Amino acid sequence: MNIKEFKGVYVFVEQREGEIQRVSLELIGKGRELADKIGESVTAIILGYNIKDKADTLIHYGADEVIYIDDKILEVYMTEPYAKALTEVIESRKPEIFLIGATAIGRDLAPRVSARIHTGLTADCTSLDIEEGTGNLLMTRPAFGGNLMATIVCPDHRPQMSTVRPGVMPLFEKDESRVGKVEEFKINFSKEDVNVEILEIVKEKKQKIKIEEANVLVAGGRGIGNPEKFELLKKLADELGGLVAASRAVVDAGWIDREHQVGQTGKTVRPDLYIACGISGAIQHLAGMEESDFIIAINKDPEAPIFEVADIGIVGDINKVIPALIEEIEAV
Ligand code: FAD
């Protein structure tokens, strides 16, 4: 493999029923930053049916070029046709870096594609950078149960491929004046490319709470004392236009639903403001929130590790601090 032939940063854009998933836009933004460092361009690849009109949005969010593959067979995600399409694009275009969101679809698709093109895959990354000198992609992810962060490189194969957790990378500032190239890529699908039949799609009835998209999160841990205290946290979150999040301890205790969980086995979030209430700051929790722009920690133990990542630390009892905060905000 002559790795010098491989150029550009490529991002797989996931759409569901025509709706572009936010993680894909985050990755275009990150791809933009990486591409600028190595003097190359960003290509977004979108697969689906009647999806050409999505191209402009991808360019506004930082792509230089959009490749779309439009086929009825791609209307709903199926592993085989999607893996075949991405493999053909990669074999033909030879990208240097290839990024996929670590969603249910991305986690299914990425390993199959990487095996077909004989390159490595670093799954579930929480940070990406370019190594000075070599120009290799530094792919960082939690390892050994989240007790350390491992940085992985793929020096001898291309593309350097990684799946990235939703909510970790900041969005590129949308610019509607950006223009770029849009190109259709044709694939000849055959009956053999479809080895499953979708009989029915059952949508989850429950309204999904997307804490990874909130600007403000008020997160509760075991220190809040009991599940009813989440009402108090919700009140503060409502005052600030945010949502309630949680540590795993309280999710495991059944105090709140799993979709609120932040951390290594929960969601990765990067809000403008993260208020940690009665959370000790275990490494597995920090892995999901330490990139937040501003962190306020409230904990009665001055030695709690959460204070090491906090911008403001309040040593106190949440039963006193939170009502006081709400009162102050209401008085403004
Ligand atoms: P605790 O560690 O019990 O902390 C409670 C804190 O509240 C203490 O610091 C205490 O001083 C404070 N406190 C008590 N009373 C008050 C009060 N009245 N006012 C103010 N402060 C008070 N954890 C996650 O959160 N997310 C994950 O995704 C995750 N994944 C994991 C994956 C693995 C493989 C493993 C092994 C663990 C994982 N954990 C995860 C668990 C993690 O190690 C911790 O056990 C968990 O984060 C602790 O939750 P906590 O901070 O709510 O509780």
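Remember, predicted model here, so these are calculated numbers, not experimental data. (Residues numbered from 1 in each chain as written. Predicted model: local features only at pLDDT ≥ 70, side-chain atom pairs only at ≥ 80, totals over all residues. Heavy atoms only, no water.)

Peer 1: Could you clarify how one ought to interpret a negative patch on the surface in this entry?
Peer 2: Residues E239, E327, E328 and E330 make up a contiguous surface patch of negative charge. Here E239 lies in helix α5 (residues 230–239). Overall, E239 belongs to the partly exposed group, its relative accessible area being 31%. (Patch = residues over 30% accessible without salt bridge, like charges linked within 9 Å, V, L, I, M, F, W, Y side chains within 5 Å. Areas by Shrake-Rupley, 256 points an atom, 1.4 Å probe, with all protein chains shown as cover. Salt bridge = Lys/Arg side-chain N within 4 Å of Asp/Glu carboxyl O. Lys, Arg positive; Asp, Glu negative; His and termini not counted. Charge placed at Lys NZ, Arg CZ, Asp CG, Glu CD. Helix = DSSP H or I, 4+ residues; strand = E, 2+ residues; numbered from the N terminus. Buried < 20%, exposed > 50% of the residue type's maximum accessible area, 1.4 Å probe, protein only.)

Peer 1: In this structure, what is going on with the sheet that holds strand β5 (residues 65–70)? I would like to understand it.
Peer 2: By definition, the strands of a sheet pair up through backbone hydrogen bonds, in either a parallel or an antiparallel sense. The parallel open sheet is built from seven strands, whose spatial order is β7-β11-β6-β1-β4-β5-β12. Only two strands of the sheet have a single neighbouring strand rather than two, namely β7 (121–125) and β12 (181–184). This sheet shows a mean twist of 20° between the axes of neighbouring strands, independent of strand direction. For β7 and strand β11 (residues 160–164), the ladder comprises three bridges, and the chain directions are parallel. The residue bridging T122 from the neighbouring strand is S162, located in β11. Relative to the sheet, helix α4 (residues 104–116) contacts β1 (9–13), β6 (97–101), β7 and β11, its axis offset from that of β11 by approximately 165°. (Pairing = 2+ DSSP bridges. Axes fitted to C-alpha atoms, helices over the stretch in contact; angles between N-to-C directions. Contact = heavy atoms within 4.5 Å.)

Peer 1: Teacher, can you tell me more about the sheet that holds strand β16 (residues 294–299) here?
Peer 2: Spatial ordering of the open sheet is given by β14-β13-β15-β16-β17, a layout of five strands whose pairing is parallel. Either end of the sheet is taken by a strand with one partner, and the two such strands are β14 (243–246) and β17 (312–315). Taking the axes of each pair of neighbouring strands and ignoring which way they run, one obtains an average angle of 20° across the sheet. Bridge count between β16 and β17: four bridges; the pairing is parallel. Along β17, the bridge assignment pairs N299 with V315. Relative to the sheet, α5 contacts β13 (216–220), β14 and β15 (273–277), its axis offset from that of β14 by approximately 135°. Here helix α8 (residues 318–331) sits on the sheet and contacts β15, β16 and β17; the angle it forms with β16, its principal contact strand, is near 135°.

Peer 1: Where do I start with the site of the ligand in this structure?
Peer 2: In the vicinity of the ligand there are 25 residues, among which R222, S247, T265, S280 and N299 approach most closely. R222 has a polar backbone atom sitting 2.8 Å from an oxygen atom of the ligand. The contact in question runs from an oxygen atom of the ligand to an N or O atom on the side chain of S247, over 2.6 Å. For the ligand, whose free accessible area comes to 980 Å², the fraction covered by protein is 76%. Taken together, the residues that form the shell around the ligand break down as five nonpolar, 15 polar and five charged. (Near = heavy atom within 4 Å. Polar contact = N/O pair within 3.5 Å; in protein donor to acceptor, adjacent residues only side chain to side chain. Nonpolar A, V, L, I, M, F, W, Y, C, P; charged D, E, K, R; others polar.)

Peer 1: Explain the side chain of S24 to me, please; I cannot follow it from the model alone.
Peer 2: Secondary-structure assignment places S24 in helix α1 (residues 22–38). Of the polar contacts made by the side chain of S24, one reaches the backbone nitrogen of E14; its length is 2.9 Å. Contacts of S24, omitting those with residues within four sequence positions, involve V11, F12, V13 and E14.

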